[in-house]
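Descriptive analysis of the structure
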Amino acid sequence: MADYDPDNIFAKILRGEIPNKTVYENEHVLAFEDINPQAPVHILVIPRGPYTDMGDFSKRASEEEQIAFSRSIGDIVKILELEKMGFRAIANTGINGLQEVPHYHLHLLGGQPLGRMINVL
Ligand code: 5GP
């Protein structure tokens, strides 16, 4: 796994160098609107710590960070009123997952029927 790149775009967002539309934040987590939404609701949930992807986060993040991240999903789902109609959570990882930004992020998508889960190009 590649080392964490502190100049990735989400690291810049966390440092306040690039603006974002925040929907939720706490000590360990930031959630903001995706700049290129693929559904009426498209939120990116990221840990504040320097983790490259889901595997890295699950291995290296503290229990406090992991619990905070997991609990934040429940909070965000409530804030965005996604409970009734549902949503999809996706963590693109690595080459096969077509991950573009090398800071762990969970996509939360909703607001409409989302179709089948996988579209192989
Ligand atoms: P990935 O392909 O890595 O899973 O997803 C990266 C996501 O980050 C894409 O959905 C893309 O639209 C989003 N993104 C890239 N740059 C920015 C940015 O500067 N601001 C925001 N809010 N989203 C971004």
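Because the structure is predicted, anything quoted here is derived from the model rather than measured.

**Here's the deal with the side chain of Ser 72**
Positionally, Ser 72 belongs in helix α3 (residues 63-79). Here Phe 69 takes part through its backbone oxygen, which lies 2.6 Å from a polar atom of the side chain of Ser 72. Once you skip the residues sitting within four places of it in the chain, Ser 72 turns out to touch Tyr 24, Asn 26, Val 29 and Val 45.

**Focus on the nonpolar core**
Val 45, Phe 69, Ile 73, Leu 106 and Leu 108 are the most contacted members of the largest nonpolar core, which totals 17 residues. Where this core is concerned, the elements lending two or more residues are β2 (29-33), β3 (41-47), α3 and β5 (106-110). No other element matches α3, which puts 4 residues into this core. Setting aside residues up to four positions removed in sequence, Val 45 forms contacts with Val 29, Leu 30, Ala 31, Phe 69, Ser 72, Ile 73, Ile 76, Tyr 104, His 105, Leu 106 and Leu 108. Residues Ile 13, Phe 32, Leu 44 and Val 101 belong to the second largest nonpolar core, which totals 7 residues.

Conventions used here
Residues numbered from 1 in each chain as written. Predicted model: local features only at pLDDT ≥ 70, side-chain atom pairs only at ≥ 80, totals over all residues. Heavy atoms only, no water. Helix = DSSP H or I, 4+ residues; strand = E, 2+ residues; numbered from the N terminus. Polar contact = N/O pair within 3.5 Å; in protein donor to acceptor, adjacent residues only side chain to side chain. Contact = heavy atoms within 4.5 Å. Core = buried A, V, L, I, M, F, W, Y, C linked by side-chain atoms within 4.5 Å. Buried < 20%, exposed > 50% of the residue type's maximum accessible area, 1.4 Å probe, protein only.

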